[in-house]
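# Geometric and topological summary
Chain by chain, the residues:
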Amino acid sequence: MNTLIIISVLPIALLYFGLYKATKLILPVTIVGLLVALGLAIAQWNNVAQPVYHGMMMFDNFSIAFSGITIIATILILMLSGGYFEKISRNVAEYYAIILFSLAGIIVMVSFYNLVMLFIGIEIMSVSLYILAGIKKSDFASNEAALKYFLMGAFSTGFLLFGITLLYGSTGSFSLETIRDWVISHQHIDPMFYTGIALIIVGLCFKVGAAPFHFWTPDVYEGSPTLITAFMSTVVKTAGFAAFLRLFSACFAPLSDFWVPVLLIITIVTLFIGNITALYQQSFKRMLAFSSISHAGYLLFAIVALGSGSANSVFVYATAYSIASIIAFGSLILVQQQSGSDNFESFNGLAKNNPFLALVLTIAMLSLAGIPLTAGFIGKFFMFSGALAKYQIWLVIIAVINAIISIFYYFRVIIAMYFRSADRAELVVPAYYKIVFAISALVTIIIGIYPDFIARFI
């Protein structure tokens with residue numbers, strides 16, 4: 001709980017820093033505050049997990065683990081923000097504050113024990129993201145991204161809220177514990193309850209960018225500032241799947257015969273739409289947007305194969321995906337600032353121009369593709385193992401086919417960096433970028449070589 005308090009109070013303090021023009025202190029104070037929040041979260045590890053605030057929230061190892069990875073990913077992303085927001089506006093305190101408000105909503109999402117808190121967490125996160133997507137007020141693409149995200153987000157929230165209402169109408173409670181007991185004690189489930197589950201699936205699939213509720217993803221990712229896109233693609237997606245898994249494992253596991261076939265279809269459609277569409281993209285940023293859709297499909301494996309290892313599978317995969325994506329989006333920021341373009345051609349000859357940047361970006365692409373000795377391979381191995389234990393091999397074959405497809409578009413940037421030549425000025429990587437890239441690449445390799453480093457974390 002102390003973690004949530006610090007992350008909620010910190011942005012208010014940052015606004016005062018901005019008011020009194022102490023802009024140089026904003027980023028250091030933000031990083032220190034997040035590190036303190038992370039330390040307080042870790043200090044609660046293995047404590048006796050009990051619902052708090054009249055059963056509204058639960059700070060157990062599950063919530064601590066996902067709170068930790070979202071805070072760490074936010075720290076790494078904000079370390080890339082030096083000078084980034086200053087190019088958009090002189091009033092940078094607001095941007096850091098809104099990101100932290102969004103993170104506060106995310107902490108609520110991964111710690112909820114009541115459907116009301118799930119809704120509140122999603123709304124705090126979403127409203128902040130609507131603003132962040134459109135922070136480039138003079139950029140038409142950013143304005144379009146914010147409008148599309150807001151309209152589609154409000155529409156999907158209606159489905160989610162209607163589903164929660166139907167569950168309350170059936171069970172008389174918003175509490176996960178009460179809903180679970182109601183499901184176990186009733187042999188004949190009210191059709192209204194099943195309708196509520198279906199509507200919640202629609203709402204949550206939108207939040208995680210799963211097909212066919214993914215239409216907002218490429219345009220919003222492309223139009224938003226790249227640093228904000230990195231935040232949405234990593235921290236927000238991780239929180240969405242943590243909330244998805246917490247709800248379905250706590251309440252709906254006995255009714256898996258109803259909702260698993262629905263999610264299986266969504267999973268397969270998401271994999272094929274994400275991967276096949278990514279093949280045709282000429283923009284590296286838009287390719288990452290469509291590939292994030294395919295990764296949502298892989299993460300859904302842990303929910304359709306719901307079991308004791310699902311939480312750990314999502315944690316490992318989300319960690320691997322997040323650190324690789326941070327390298328990818330950070331590299332895109334540097335290349336785009338130099339060339340003014342986000343096309344694959346902008347990476348031509350980068351290996352000769354800046355071997356370090358080319359190396360870490362290669363590690364990130366290999367991890368996202370699921371190549372052995374990277375964290376991405378371990379994440380996919382966990383997902384496929386869980387699916388294979390519960391379903392026939394055909395589902396894993398479909399996943400492997402899609403993983404092979406992804407190799408083609410992830411390797412496009414590697415080929416451009418190492419095998420295409422271009423006359424380009426020297427690309428200078430700032431020291432703070434090097435630190436983030438080095439840490440992320442090192443963790444990617446360590447998890448790939450020694451998976452026990454993270455494999456039994458939850």
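To be clear, the structure that these remarks concern was listed above.
Residues numbered from 1 in each chain as written. Predicted model: local features only at pLDDT ≥ 70, side-chain atom pairs only at ≥ 80, totals over all residues. Heavy atoms only, no water.

Time to look at the overall build of the protein. Tallying secondary structure elements over the protein gives 18 helices and 2 strands in all. Taking 458 residues into account, the globule formula puts the C-alpha radius of gyration at 23 Å, and the protein, at 21 Å, falls close to it. The buried share of the protein, reckoned over its 458 residues, is 59%. Put simply, 79% of the contacts in the protein that link residues at least 6 apart link residues at least 24 apart. Surface exposure of the protein reaches about 17800 Å², of which carbon and sulfur atoms provide 68%. Charge centroids of the protein, computed over 21 positive and 17 negative side chains, lie 7 Å from each other. (Helix = DSSP H or I, 4+ residues; strand = E, 2+ residues; numbered from the N terminus. Rg over C-alpha atoms; globule rule 2.2 N^0.38 Å. Buried < 20%, exposed > 50% of the residue type's maximum accessible area, 1.4 Å probe, protein only. Contact = heavy atoms within 4.5 Å. Areas by Shrake-Rupley, 256 points an atom, 1.4 Å probe, with all protein chains shown as cover. Lys, Arg positive; Asp, Glu negative; His and termini not counted. Charge placed at Lys NZ, Arg CZ, Asp CG, Glu CD.)

Our next topic: the pattern of salt bridges. Tallied over the full model, the rule gives 5 salt bridges. Note that E222 is salt-bridged to R286, the shortest N-O span being 2.7 Å. Of the two residues, E222 sits in helix 9 (residues 216-223) while R286 sits in helix 12 (residues 284-304), which places them 64 residues apart along the sequence. Take E222: its relative accessible area is 33%, and that puts it in the partly exposed class. Since its relative accessible area comes to 19%, R286 is described here as buried. (Salt bridge = Lys/Arg side-chain N within 4 Å of Asp/Glu carboxyl O.)

Glancing now at unusual backbone geometry. Across the chain, the bulk of peptide bonds are trans and the bulk of non-glycine residues have phi less than zero. Looking along the chain, the bond that leaves A211 and enters P212 is cis, with omega of 0°. Along the chain, P212 falls in the loop between helix 8 (191-208) and helix 9. In this structure, H54 takes a positive phi of about 60° despite not being glycine. Along the chain, H54 turns up in the loop between strand 1 (51-52) and strand 2 (57-58). According to the relative accessible area criterion, H54 is exposed, its value standing at 85%.

The next point concerns helix 18 (residues 431-449). Compared with the 27 Å implied by 1.5 Å per residue over 19 residues, the 27 Å span of helix 18 between its first and last C-alpha is a close match. Inspection of helix 18 places Y433, V436, F437, S440, A441, T444, I447 and G448 among the buried residues, and these make up the whole buried set. Down the axis of helix 18, the buried side of the element spans an arc of 130°, and every buried residue falls inside it. Facing away from the buried side of helix 18 by more than 90 degrees, the exposed set consists of A431, L442 and I449. (Expected span 1.5 Å × (residues − 1). Arc of directions from axis to C-beta.)

Now for the state of the cysteines. One pass over the structure, following the stated rule, counts 0 disulfides. With no disulfide partner, C205 has as its closest neighbouring cysteine sulfur the one in C251, 17 Å distant. For C251, a relative accessible area of 0% translates into the label buried. (Disulfide = S-S within 2.5 Å.)

The next thing to look at is helix 11 (residues 256-279). A rise of 1.5 Å per residue sets the reference length of helix 11, with its 24 residues, at 34 Å; its end C-alpha atoms lie 34 Å apart and thus fit the reference within 8%. Residues of helix 11 that are buried include every one of W259, V260, L263, L264, I266, T267, T270, L271, G274, N275 and A278, and no others. Buried-residue contacts for helix 11 involve helix 8, helix 10 (226-252), helix 12 and helix 17 (393-419).

For the pair helix 15 (residues 355-369) and helix 17, the least separation of the axes is 9 Å and the interaxial angle reads 170°. When the axis of helix 15 is compared with that of helix 17, the two are roughly antiparallel. For the pair formed by helix 15 and helix 17, the contact residues are A358, L359, L361, T362, M365, L366, L368 and A369 on the first element and A403, S406, I407, Y410, F411, V413, I414, M417 and Y418 on the second. For the contact of helix 15 with helix 17, the residue count by class is 15 nonpolar, 2 polar and no charged. (Axes fitted to C-alpha atoms, helices over the stretch in contact; angles between N-to-C directions. Parallel < 35°, antiparallel > 145°, perpendicular 65-115°, else oblique. Nonpolar A, V, L, I, M, F, W, Y, C, P; charged D, E, K, R; others polar.)

By the secondary structure assignment, N354 is in the loop between helix 14 (350-353) and helix 15. Its relative accessible area of 10% is what places N354 among the buried residues. Only 3.0 Å separates the side chain of N354 from the backbone nitrogen of L357, close enough to count as a polar contact. If we skip the residues at most four places from it in the chain, N354 touches L427 and V429. (Polar contact = N/O pair within 3.5 Å; in protein donor to acceptor, adjacent residues only side chain to side chain.)

A contiguous nonpolar surface patch, about 1000 Å² in accessible area, is contributed by F272, I276, L279, Y280, L388, I393, I397, V400, I401, I404 and F408. Elements that contribute at least two residues to the nonpolar patch include exactly helix 11 and helix 17. Sorting elements by how many residues they give to the nonpolar patch places helix 17 first, with 6 residues. One can find L279 in helix 11. Taking relative accessible area as the criterion, L279 reaches 32% and is therefore assigned partly exposed. (Patch = residues over 30% accessible without salt bridge, like charges linked within 9 Å, V, L, I, M, F, W, Y side chains within 5 Å.)

One broad rule of soluble globular proteins: the nonpolar side chains tend to lie buried together. The biggest cluster of nonpolar side chains holds 170 residues, and the ones touching the most others in it are L247, F248, W259 and F284. For this core, the element with the highest residue contribution is helix 10, accounting for 18 residues. Apart from residues lying up to four places away in sequence, F248 is in contact with I197, I200, I201, L204, A253, W259, I303 and L306. (Core = buried A, V, L, I, M, F, W, Y, C linked by side-chain atoms within 4.5 Å.)

Scanning the model with the defined rule gives 25 aromatic pairs in all. Measuring from centroid to centroid gives 6.0 Å for F193 and F252, while their planes differ by 80°, and the two rings are edge-to-face. Residue F193 is found in helix 8, and its partner F252 is found in helix 10; the two are separated by 59 residues along the sequence. As far as burial versus exposure is concerned, F193 and F252 are alike and both buried. Between F248 and F252, the ring centres sit 5.0 Å apart and the planes meet at 85°, which makes this aromatic pair edge-to-face. With a gap of 4 residues between them, F248 and F252 both fall in helix 10, about one helical turn apart. (Phe/Tyr/Trp six-rings, centres within 6.5 Å; stacked < 30°, edge-to-face > 60°.)

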